[in-house]
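As a plain string of letters, each chain reads:
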Amino acid sequence: MTLYVDPPAWPAHDRLWSHLVSDSSLHELRSFAHAQGLPDRSFDLDHYDVPADRHDDLVAAGARPVSGGDLARRLGASVLRVPGRERRRASRTELLGRWAGLWSAGPSTPQPAPGVLAVGVELVDRWREPHRVYHSRLHLADALDALDALGVGGAPGSARLAALALWFHDAVHDGDAGRDEERSAALARDLLTPLVAKATVPGSLTAGDVDEVVRLVLVTTDHDPGDDDATGALVSDADLAVLGTGSRRYARYAAQVRAEYGHVPDDDFRAGRAAVLDQLLAAPALFRSAAGAARWASAAGENLRAERTALGA
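About the thresholds
- Residues numbered from 1 in each chain as written.
- Predicted model: local features only at pLDDT ≥ 70, side-chain atom pairs only at ≥ 80, totals over all residues.
- Heavy atoms only, no water.
- Helix = DSSP H or I, 4+ residues; strand = E, 2+ residues; numbered from the N terminus.
- Rg over C-alpha atoms; globule rule 2.2 N^0.38 Å.
- Contact = heavy atoms within 4.5 Å.
- 1 Å grid on protein atoms, 1.4 Å probe; cavity = no way out; pocket = protein on both sides within 12 Å on 5 of 7 lines; lining within 4 Å.
- Points joined across faces, edges and corners; volume = space filled by probe spheres on them.
- Nonpolar A, V, L, I, M, F, W, Y, C, P; charged D, E, K, R; others polar.
- Core = buried A, V, L, I, M, F, W, Y, C linked by side-chain atoms within 4.5 Å.
- Buried < 20%, exposed > 50% of the residue type's maximum accessible area, 1.4 Å probe, protein only.
- Axes fitted to C-alpha atoms, helices over the stretch in contact; angles between N-to-C directions.
- Left-handed = near helix turned anticlockwise from the far one by under 90°.

Caption draft 1: Fine view of the overall build of the protein chain. In terms of regular secondary structure, the protein chain is built from 14 helices and five strands. Taking 2.2 N^0.38 as the reference for a compact globule, 313 residues should give roughly 20 Å; the C-alpha atoms of the protein chain span a radius of gyration of 21 Å, in line with that estimate. In terms of overall dimensions, the protein chain has a C-alpha envelope of 65 × 50 × 30 Å along the principal axes. Long-range pairs, those at least 24 residues apart, make up 66% of the contacts in the protein chain with a sequence separation of at least 6.

Caption draft 2: Molecular detail of the layout of surface pockets. The computed volume of the largest pocket comes to approximately 1,000 Å³. Where the lining of the largest pocket is concerned, the elements lending two or more residues are α9 (179-192), α11 (230-240), α12 (247-260) and α13 (266-282). Of the residues in the lining of the largest pocket, the class split is 16 nonpolar, 11 polar and 10 charged. Size it by volume and the second largest pocket reaches roughly 770 Å³. Surrounding the second largest pocket, 32 residues form its lining, S42, F43, D44, H47 and D49 being those nearest its centre. The set of elements that each furnish at least two residues to the lining of the second largest pocket consists of β2 (10-12), β3 (15-22) and α3 (68-77). Examining the composition of the lining of the second largest pocket, we find that four residues originate from one element, α3, more than from any other. Looking at side-chain class alone, the lining of the second largest pocket contains 14 nonpolar, six polar and 12 charged residues.

Caption draft 3: Expanded view of the nonpolar core. One finds W99, W103, W167, F168 and L243 to be the most contacted residues of the largest nonpolar core, which totals 61 residues. By size, the runner-up hydrophobic cluster in this structure holds 22 residues, among which are V5, L38, V66 and L75.

Caption draft 4: Representation of the packing of helix α7 (residues 137-150) against helix α14 (residues 290-312) within the structure. Following both chains from N to C, one finds α7 and α14 inclined at 115°, their axes separated by 9 Å at the closest point. Considering how the two elements wind past one another, α7 and α14 form a crossing that is right-handed. Seen from α7, the contacting residues are A146, A149 and L150; seen from α14, they are A291, G292, R295 and W296. Looking at the contact of α7 with α14 residue by residue, the classes come out as five nonpolar, one polar and one charged.

Shown next as structure tokens:
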């Protein structure tokens, strides 16, 4: 692994900035950044934004100085790069637009009420928390795209409730498996209950809808919806869709997971990750909808087996 830093030539906020990247490991990148006192808020999906006055310090600590073009080429050749198109669809503006669309009954419907928009802003801010690496705004955008790819299933209106569940499913993420999902479900109830309409209007929620969203968030705890739970299958499959992406995209996901649990020692992480992979590989079916299985099951099996083999090595 090599770390690279380019010259401070990028203007923003009345100062110049450098970029700090790794060519192979987000975990090592974040470990180095932490050791140099760079805050997590400086991390932007695949690089750190570094103020000009820190450039020489990073070089002295071991980062290799390169030109901006060389840094971009090295990052672009690695599996860690997040392309511009992914950045755009996971941007604050794009995500808030998708949130607003869940509350619209059509082009002629006015903008959602301020309370609805405020909930969307809080959720986007949560997904942008600086400690997140995999469970970030990119994962939210990916899960929503995966849901769109699966199409409509379940009862009428289920696609919308599934989308709301995905918005909330990792809204609380402290790295505490099980409890994170419980807290996310509780947050869904707290934030959605005030939005229940007193009368039926386009885009409104009922108390039953809120109950269903809470239930669907909890489905992501073990990804084991019942055979007759078509909407739960949509949510579970959309959340796991990254497992069935191409090998380079999967490698980025694995690197993001390692970096997100950077506080865990290597041996402990390998043991814990191996247990997770073994559990996924032993599952009778990872994807519970017919569309999800057709799209992602084969590639997911290959990706999981490849990562498990690499961990064993």
